[in-house]
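Reading the structure
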Amino acid sequence: MGALLDIQKLSVDFQTKHGLLTAITEVTFSIQPGETVCLVGESGSGKTVTSKAIMRLIEHEQGRITEGSVLLSGQDVAKLPEAELRRIRGKRVAMVFQEPMAAFDPVFTIGQQIAETIVRHERVGKREAWERGVQLLKRVGIPEAELRMKQYPGELSGGMLQRAMIAVALSCGPELLIADEPTTALDVTIQAQILQLLQELKREFGMSILLITHDLGIAAEIADRVIVMYAGQIVEQGVTEELFAQPLHPYTRGLLQSAAPLDSVRGSRLYAIKGSIPSLAALPTGCLFHPRCEHATDRCRAEAPPLDHRGDREVACWHVDSVVEAAVDGHSASGAVIHEVAAKRQTSIRLIEEDPADSGQNVKQPGVSSPSPSSDVLFEAVNLHKYYPLKRKSLTAPRSYVRAVDDVSFTIRKNETFGLVGESGSGKSTLGRVLLQLEEATSGKIHFQGTELTSLSAAELRPLRREMQVIFQDPYGSLSPRWTVGDSIAEPLKVHGALSAAECKERAAELLQLVGLDAASVNKYPHEFSGGQRQRIGIARAIALNPSFILADEAVSALDVSVQAQVVNLLQDLQQKLGLTYLFIAHGLQIVRHISDRIGVMYLGKLVEIAPSEELFLRPAHPYTRLLIDSIPHSVPGQRRDTPLLQGEIPSPSNPPSGCRFHTRCPFATARCREEQPALLPLDKDRYVACHYSLV
Amino acid sequence: MAGVLARRLFSSVLVIVGSLILVFAILYVLPGDPTDTIVDPSIATPEMVANLRHQLGVDQPFYIQFARYFSHMLRGDFGQSLMNSESVLGKILDSFPATLALTAASSFVAVTVGLVLGVLSAIHRNRPIDLIARVVGLFGISMPTFWSGILLIVLLSLKLGWFPAMGSDGWRTLVLPAIALGLVGAGFIVRMVRSSMLDIIDEHFILTLRSKGLTERAVMYKHALRNALIPAITMIGMLVGEMLAGTVVIETVFSRQGIGRIIADALMAKDLPVVQGVIFFSAFVYVIVNTLVDLSYTFIDPRVRRST
């Protein structure tokens with residue numbers, strides 16, 4: 001059987017202000033009918049350009065195929081006239097993009113946008129196209145399809161929109177579906193649903209899928225074959241199982257290791273590839289990966305390795321054998337570690353089983369009288385509420401509220417990292433901001449080092465603010481582009497301290513060194529740094545005042561996996577050196593597990609479970625926690641999902657379900673759950689759960 | 001929908017009443033006495049002036065004057081011109097159609113030229129048409145209307161003799177003033193539409209539309225344009241007001257009938273009832289146009305529909 005898609009030596013140039021940039025070089029791969037191929041790599045690796053080049057969508061962005069061919073069932077797309085090409089786009093090759101919110105035209109209904117595609121490619125009337133649209137929406141799992149057809153994109157959730165986008169893509173029965181990071185912008189639970197849907201549809205429609213992702217877990221879960229790209233070139237490709245079992249290229253190996261697996265030793269250093277991906281304007285000589293590679297030799301610096309066949313696999317590296325050897329050594333070491341962890345797990349499980357906790361009767365408020373002595377407590381929240389009023393529908397209608405944080409009580413201990421997880425809309429970020437008094441609590445008390453914060457005036461609060469700092473999610477938006485890095489870091493010093501300008505600068509330089517940057521960078525501007533480096537600058541600014549507490553709100557979520565590992569390691573080092581306490585908010589569960597001592601799980605404004613990190617992942621007590629963990633893609637291929645997925649989406653916090661808020665999505669829900677709201681009660685030492693039928 | 005309409009109308013009435021109070025207050029504190037217009041201050045005795053002031057009611061406190069004016073106005077009585085005792089309403093109704101015609105014609109020029117050039121220049125970025133559009137935009141914005149008006153008269157009327165240079169009879173007299181005034185609006189609209197089109201073209205959904213195999217024409221004119229129109233329409237609403245204000249100059253340059261002329265003359269003569277009447281009418285038209293613009297959003301942009 002001939003390949004459906006056969007790409008040969010494809011190179012793409014972009015015309016930019018700084019001249020011609022080569023985005024991808026001699027990319028060669030093929031996709032068989034019915035096959036799922038994953039293109040993985042960090043941002044800047046050329047994955048997206050490759051996917052867009054297949055349908056020549058790059059031509060609208062000053063891009064041009066300079067060399068090579070893209071054979072779709074033998075026909076060279078690279079040479080087709082534009083009009084012919086348009087007949088293929090959306091008909092034989094369809095695409096799904098990363099941000100479902102931005103992928104629809106906001107001023108046309110979902111139905112119009114589906115029907116438009118069908119009418120474009122097939123001889124059908126509008127009415128028939130509309131009917132098919134309804135069927136497609138039903139097929140991709142959108143409830144009330146007729147209603148949704150008439151709605152505008154802004155009225156649907158991200159998950160629903162991505163389903164609708166898939167419906168658009170499927171509307172003309174494509175042979176190849178190109179999905180560019182289709183789940184990156186979505187919650188892990190919705191991601192699992194979408195991936196499952198894609199796999200079902202692939203079988204049903206008999207199509208091939210080219211999936212672009214930075215998440216190796218996703219590749220492991222759904223790919224037949226994986227292609228790894230780096231700086232615009234393919235560095236390795238192979239059958240998924242083989243590639244994961246024995247990565248041949250040091251980059252692949254690095255990527256696999258940096259993604260904190262669910263069985264990593266918590267708190268240990270994550271493996272991080274040093275440095276970051278080079279910019280296309282300043283590519284290194286020889287092997288493009290050599291500046292970041294542990295195995296680099298003079299040959300790597302001088303000569304670019306070709307993509308060589310090794311059996312079924314292809315790899316571009318001069319030192320495959322020594323990489324494999326090193327990997328084998330490393331493997332046995334990490335294998336031993338895994339055994340150790342497993343042993344620990346068993347003992348801890350046994351310990352818990354031997355100690356039938358006196359749960360149920362014990363109606364103590366968590367935190368109010370926590371088992372550990374109160375001197376250990378840094379932050380204590382008691383019955384914290386944060387309601388945002390909504391616009392009234394009419395003058396007489398009762399005011400309704402978004403209950404972002406609804407009666408939350410917990411403690412953060414000195415020197416610990418408290419992780420906060422939950423889907424978007426669960427209230428994690430709001431809770432963090434209210435704790436730091438960046439937003440006023442609607443009611444409830446917050447004690448910080450024994451001081452009650454909610455009753456303080458702004459002036460009384462100011463000296464305490466030195467003690468609590470924030471690292472933000474977006475390393476691009478959180479630094480002023482017109483300030484030098486040194487000024488940004490020194491600003492808190494100027495606000496709070498009595499340092500002279502020279503002293504401030506000196507301190508900024510020290511801080512830069514502390515976070516692993518060059519002290520001479522104080523005079524540079526943010527645009528001269530990569531995303532990971534900027535996040536380090538954000539960290540330097542946060543620790544400038546020697547705070548005792550840092551709120552890290554999605555602090556590593558925007559970073560590539562290899563850089564993510566670097567920043568997590570830095571945060572852990574700083575915690576040890578400076579005795580910091582973190583509240584670590586993230587949607588990436590693996591990272592939270594790795595860095596946190598204890599984790600709180602939030603759902604619709606409520607804390608539903610608090611547990612020590614390992615315990616939580618080994619034996620989740622709340623069904624929500626369990627399903628959340630099950631949604632994480634397995635990073636071991638072949639080990640595909642057999643557990644039920646978390647169904648549906650998080651309801652609106654302005655109108656939360658009665659009783660247990662999770663009952664609408666809970667597989668174990670009973671009548672009691674619908675009526676009676678479970679309180680967050682101690683389960684055993686250090687564990688709290690809010691469920692009538694706790695799993696533990 | 002009915003609720004939206006009711007709320008819009010309510011706020012429109014508020015704006016009109018507010019503008020009325022404002023105009024009345026400004027004219028009240030302005031130096032000079034309306035009696036000066038009627039009698040020659042050098043020969044009038046103080047008794048005559050006081051008498052006249054009493055007759056006109058200008059010796060009353062501000063709020064009484066305003067209340068009286070307002071209650072008369074509600075009955076359709078805008079008072080008489082101080083110069084020739086003509087009814088202000090009659091004067092306005094006589095000349096308003098000519099001004100409306102000019103405003104409408106120049107708005108038409110502004111919107112047509114602005115939209116067409118704006119869209120073309122965004123789609124053909126950095127091509128000759130883009131350059132032309134940008135030059136038109138620059139000229140429209142920076143050239144004062146009396147200057148472009150005179151240039152048009154010299155070129156198209158005196159040199160080529162295509163259109164009459166003055167007067168307000170028939171469509172041919174409308175052409176030159178409409179172009180002179182419309183070019184200003186066109187300049188603003190070209191720039192606005194161009195930049196909002198360019199923003200929209202960079203949006204992700206444009207890529208989606210292309211990936212669905214739609215023709216460039218459908219992508220640009222069906223999808224991108226509709227999105228780009230949203231900010232442009234706000235601006236068009238405001239520009240209609242500008243056009244109305246611009247008639248003051250243009251009607252003078254082209255010796256046209258119209259309220260622009262009337263208000264210019266009335267201001268010179270401190271003929272306050274006429275000034276008040278004209279400003280009230282203009283505010284009225286402006287508010288109506290902008291209400292229509294706001295309502296038109298509801299049809300173009302579904303997001304507005306939901307939030308209201």
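Residues numbered from 1 in each chain as written. Chains lettered and ligands numbered in written order. Predicted model: local features only at pLDDT ≥ 70, side-chain atom pairs only at ≥ 80, totals over all residues. Heavy atoms only, no water.

**Regarding the UniProt feature "transmembrane region" (unreviewed entry) in chain B**
Residue and element names in this part refer to chain B. To be explicit about the condition: UniProt positions are given in the numbering used here, feature names are shortened, and annotations may be inferred rather than shown by experiment. Comment: elements are numbered from the N terminus, with helices defined as DSSP H or I runs of at least four residues and strands as E runs of at least two.
UniProt marks residues 9-30, 100-123, 135-158, 170-190, 229-254 and 274-300 with the feature "transmembrane region" (unreviewed entry), using the numbering shown here. Annotated as 100% helix and 0% strand, the span residues 100-123 places its first and last C-alpha atoms 34 Å apart. Secondary structure content for residues 229-254 is 96% helix and 0% strand, and the end C-alpha separation is 33 Å.

**Quick look at the confidence of the model for chain B**
Note the threshold: Per-residue confidence from the predictor is given as pLDDT, running between 0 and 100.
With 95% of its residues at a pLDDT of 70 or more, chain B has an overall mean of 83. Here the prediction assigns the complex a pTM of 0.81, and the interface score ipTM is 0.80.

**So, the nonpolar core**
Residues and elements named next belong to chain A. How we decide: Residues enter a nonpolar core if they are buried and are Ala, Val, Leu, Ile, Met, Phe, Trp, Tyr or Cys, with the set joined through side-chain atoms within 4.5 Å. For the exposure calls, accessible area comes from a 1.4 Å probe over protein chains only, and a residue counts as buried if that area is under 20% of its type's maximum, exposed if over 50%, partly exposed in between. When checking whether two residues touch, look at their non-hydrogen atoms; a contact exists if any pair is within 4.5 Å.
By size, the foremost hydrophobic cluster in this structure holds 65 residues, and its most contacted members are Ile-114, Leu-137, Ile-166 and Val-226. With nine residues, the single largest contributor to this core is helix 7 (residues 158-170). Filtering out sequence-adjacent residues up to four positions away, Ile-166 remains in contact with Val-96, Val-140, Ile-194, Leu-197, Leu-198 and Leu-201. Among the nonpolar cores identified, the runner-up in size contains 64 residues, and Leu-479, Ala-508, Ala-565 and Val-567 belong to it.

**Description of the pattern of salt bridges**
When the charged atoms of two side chains lie near each other, side chains of opposite charge can form a pair. All names here are of chain A. Put simply, the rule reads: By convention in these notes, a salt bridge is any Lys or Arg side-chain nitrogen within 4 Å of a carboxyl oxygen on Asp or Glu.
Here the structure, examined in full by the defined rule, presents 39 salt bridges over all chains. Residue Lys-52 is joined to Glu-61 by a salt bridge in which the shortest nitrogen-to-oxygen separation is 3.2 Å. Using a relative accessible area of 14% as the deciding quantity, one classes Lys-52 as buried. Take Glu-61: its relative accessible area is 32%, and that puts it in the partly exposed class. For the salt bridge of Arg-598 with Glu-416, the shortest nitrogen-to-oxygen distance reads 2.8 Å. Of this pair, Arg-598 sits in strand 21 (residues 598-603) while Glu-416 sits in the loop between strand 14 (401-413) and strand 15 (417-421), and the two are 182 residues apart along the sequence.

**Examining the environment of Ile-300 of chain B**
With respect to the helices and strands, Ile-300 of chain B occurs in helix 12 (residues 272-300). C-alpha of Ile-300 of chain B to C-alpha of Asn-227 of chain B: the two residues are 73 residues apart in sequence and 8.3 Å apart in space. Aside from chain neighbours lying at most four places away, what touches Ile-300 of chain B is Val-107 of chain A together with Arg-226, Ile-230 and Ile-233 of chain B.

**Focus: the packing of aromatic side chains**
Applied cut-off: Think of it this way: a Phe, Tyr or Trp ring, Trp meaning its six-membered ring, pairs with another when their centres are within 6.5 Å, and the plane angle makes it stacked under 30 degrees, edge-to-face over 60, tilted otherwise. Comment: the charge-over-ring label is applied if NZ (Lys) or CZ (Arg) is within 6 Å of the ring centre and within 35 degrees of the ring normal.
As enumerated under the stated definition, the model contains 21 aromatic pairs over all chains in all. Ring plane angle 55 degrees and centroid distance 6.0 Å describe the contact between Phe-78 of chain B and Phe-281 of chain B, whose orientation is recorded as tilted. One end of the pair, Phe-78 of chain B, is in the loop between helix 4 (62-74) and helix 5 (88-123); the other, Phe-281 of chain B, is in helix 12, and 203 residues separate them in sequence. Take Phe-78 of chain B: its relative accessible area is 6%, and that puts it in the buried class. Among the residues examined, Phe-281 of chain B registers a relative accessible area of 14% and is labelled buried. Aromatic ring contacts, followed pair by pair, group Phe-24, Tyr-28, Phe-62, Phe-66, Tyr-69 and Phe-70 of chain B into a single cluster. A cation sits over an aromatic face here: Arg-672 of chain A above Tyr-693 of chain A, 5.9 Å from the ring centre.

**Remarks on the side chain of Arg-194 of chain B**
Assignment of secondary structure puts Arg-194 of chain B in helix 8 (residues 172-201). Once residues lying within four places of it in the same chain are set aside, the contact partners of Arg-194 of chain B are Gly-118, Ser-121, Ala-122, Arg-125, Asp-130, Arg-134 and Ile-189 of chain B.

**Describing the domain arrangement of chain B**
Frequently, the measure chosen for interface size is the accessible area removed from exposure when the parts meet. For the record, the criterion: Marked domain ranges trace back to an automatic or database domain assignment.
When the domains of chain B are assigned, the result is domain 1 (2-74) and domain 2 (93-268). Taking only C-alpha atoms into account, the centre of domain 1 of chain B sits 35 Å from that of domain 2 of chain B.

**Topic: the sheet that holds strand 5 (residues 75-76) of chain A**
Residue and element names in this part refer to chain A. Quick reminder of the rule: In this analysis, strands are considered paired if DSSP registers two or more bridges between them. Convention adopted: a line fitted to C-alpha atoms gives each axis, helices being fitted over their contacting stretch, and angles between N-to-C directions are expressed from 0 to 180 degrees.
Pairing within the open sheet is antiparallel, and its four strands lie in the order 2-1-4-5. Of all strands in the sheet, those with a lone pairing partner are strand 2 (19-31) and strand 5, marking the two edges. The pairing of strand 4 (residues 63-72) with strand 5 spans two bridges and is antiparallel. Paired with Leu-71 across the two strands is Asp-76, which belongs to strand 5. Those strands touched by helix 1 (residues 47-54) are strand 1 (5-16), strand 2 and strand 4, and its axis lies near 110 degrees from that of strand 1.

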